Amino acid sequence: MAAVGSGGSTAAAGPGTVSAGALEPGTASAAHRRLKYISLAVLVVQNASLILSIRYARTLPGDRFFATTAVVMAEVLKGLTCLLLLFAQKRGNVKHLVLFLHEAVLVQYVDTLKLAVPSLIYTLQNNLQYVAISNLPAATFQVTYQLKILTTALFSVLMLNRSLSRLQWASLLLLFTGVAIVQAQQAGGGGPRPLDQNPGAGLAAVVASCLSSGFAGVYFEKILKGSSGSVWLRNLQLGLFGTALGLVGLWWAEGTAVARRGFFFGYTPAVWGVVLNQAFGGLLVAVVVKYADNILKGFATSLSIVLSTVASIRLFGFHVDPLFALGAGLVIGAVYLYSLPRGAAKAIASASGSASGPCTHQQPPGQPPPPQLSSHHGDLSTEPFLPKLLTKVKGS
């Protein structure tokens with residue numbers, strides 16, 4: 001992980017593995033295809049498992065854990081993981097690590113303070129996810145949460161002066177239409193609903209989460225453009241702010257109850273699974289995204305929606321009616337179209353008789369397309385922690 005996070009051209013090789021540069025062309029191509037398929041599997045599982053595991057943990061009978069404590073624990077574990085990775089980068093030299101952190105965090109305090117804003121928004125977003133998933137079926141949340149692609153695109157245009165092709169604008173309209181249909185289905189019934197669910201509160205939470213995700217992802221990308229810190233350092237800094245802000249949110253929202261019942265009240269193996277998924281999932285995706293292009297990320301999101309829906313039917317008795325199927329199908333198609341590279345988008349637009357709009361931000365030859373943050377990030381960047389990672393992993 002450290003090799004990729006620090007900008008290495010290859011992932012850390014395991015025992016007995018050979019770097020791609022030493023392989024015959026055919027073998028290298030086959031190895032690359034295997035890595036892409038592995039990346040696809042990891043992205044699909046990560047996109048779907050976090051939502052399903054939160055939904056499962058929040059609907060189990062018995063004592064319900066405090067969501068604010070889970071957010072804090074995820075930030076603590078993520079920060080400790082990044083600290084260990086930085087320690088490994090310094091070859092286990094404690095003195096070098098301390099001097100490095102002193103310089104990066106304290107001496108360059110202006111850069112550190114800049115991360116307070118996205119950290120605050122990410123902490124808010126993670127808490128809103130628990131509210132949304134507690135009040136919406138997992139499949140409905142998964143579909144609606146793709147609105148973060150729309151919010152990120154709009155903030156990218158406004159804050160980064162990024163241009164979108166006509167096909168991308170059309171896919172965003174298609175995305176909004178699909179989400180609206182799914183929400184109409186939810187409002188109209190959508191099968192049996194637990195008494196303690198409030199779909200209105202769930203919808204408000206997921207929309208607020210999408211807005212915060214879009215803004216934070218673009219803001220963080222803007223910060224990273226003038227930054228030279230490694231991805232692990234930036235995530236450690238975000239983790240420090242996230243832990244502090246998470247504790248403030250815990251005290252404000254559930255401080256009395258946590259003080260009376262304990263920080264780990266209601267924690268079960270399922271809850272720990274959610275915490276570990278949140279803490280390490282984004283870091284893992286940041287590594288595998290190295291092998292995933294935009295089309296692959298679009299496929300991953302589409303497959304994760306299907307997987308979430310199938311799992312929701314079996315685990316939670318979710319009912320799929322024609323209206324939900326139509327809305328989800330539109331969202332899946334929109335995600336795929338939005339993730340197409342510029343050249344493919346222009347080809348599709350030309351084939352349909354409509355030329356793409358002028359592109360003012362062409363990428364240099366050989367460079368990957370700009371990251372579609374909160375694409376959770378749904379391409380990769382829609383996951384709860386990925387907007388913190390994707391840009392730097394790509395450009396480090």
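These figures come from a predicted structure and were not determined experimentally. (Residues numbered from 1 in each chain as written. Predicted model: local features only at pLDDT ≥ 70, side-chain atom pairs only at ≥ 80, totals over all residues. Heavy atoms only, no water.)

1. Concerning the packing of aromatic side chains
Operational definition: Aromatic rings from Phe, Tyr and Trp, taking only the six-membered ring of Trp, are treated as a pair when their centres fall within 6.5 Å; an angle between ring planes under 30 degrees marks them as stacked, one over 60 as edge-to-face, and anything in between as tilted. Secondary structure elements are defined from DSSP: runs of H or I of at least 4 residues count as helices, runs of E of at least 2 residues count as strands, and each element is numbered from the N terminus. Partly exposed describes any residue whose relative accessible area lies between the buried limit of under 20% and the exposed limit of over 50%, with all areas from a 1.4 Å probe on protein chains only and scaled to the type maximum.
Scanning the entire structure with this criterion turns up 11 aromatic pairs. Ring geometry for F215 and Y219: centres 5.9 Å apart, planes at 25°, overall stacked. Of this pair, F215 and Y219 both sit in helix α10 (residues 199–224), 4 residues apart, which is roughly one turn of the helix. For F215, a relative accessible area of 26% translates into the label partly exposed. In this structure Y219 comes out as partly exposed when scored by relative accessible area, which is 22%. Ring centres of F263 and F264 lie 4.9 Å apart, and the angle between their planes is 70°; on these two criteria the pair is classed as edge-to-face. Residue F263 is classed as partly exposed on the basis of its relative accessible area, which comes to 25%. Overall, F264 belongs to the partly exposed group, its relative accessible area being 45%.

2. What to know about the UniProt feature "transmembrane region" (unreviewed entry) in the chain
Under the convention used in this document: UniProt positions are given in the numbering used here, feature names are shortened, and annotations may be inferred rather than shown by experiment.
With numbering matched to this structure, UniProt assigns "transmembrane region" (unreviewed entry) to residues 37–58, 64–87, 169–188, 200–220, 232–252, 264–289, 296–317 and 323–340. The span residues 200–220 is 100% helical and 0% strand by assignment, and the distance between its end C-alpha atoms comes to 30 Å. The straight-line gap between the two end C-alpha atoms of residues 323–340 is 26 Å; of that span, 94% is helix and 0% is strand.

3. Side note on the pattern of salt bridges
To keep it simple, the criterion reads: Here a salt bridge means any side-chain nitrogen of Lys or Arg lying within 4 Å of a carboxyl oxygen belonging to Asp or Glu.
One pass over the full model with this rule turns up 2 salt bridges. Between E75 and K78 there is a salt bridge, and its shortest N-O distance comes to 3.7 Å. Taken as a pair, E75 and K78 lie in helix α3 (residues 67–89) at a separation of 3 residues, close to a single helical turn. Summarising the burial analysis for this pair, E75 and K78 share the class buried. Among the salt bridges present, the one from D111 reaches K114, with a minimum N-O distance of 3.9 Å. In this pair, D111 and K114 both sit in helix α5 (residues 109–114), 3 residues apart, roughly one turn of the helix. The class for D111 is partly exposed, based on a relative accessible area of 26%. With relative accessibility at 38%, the residue K114 sits in the partly exposed group.

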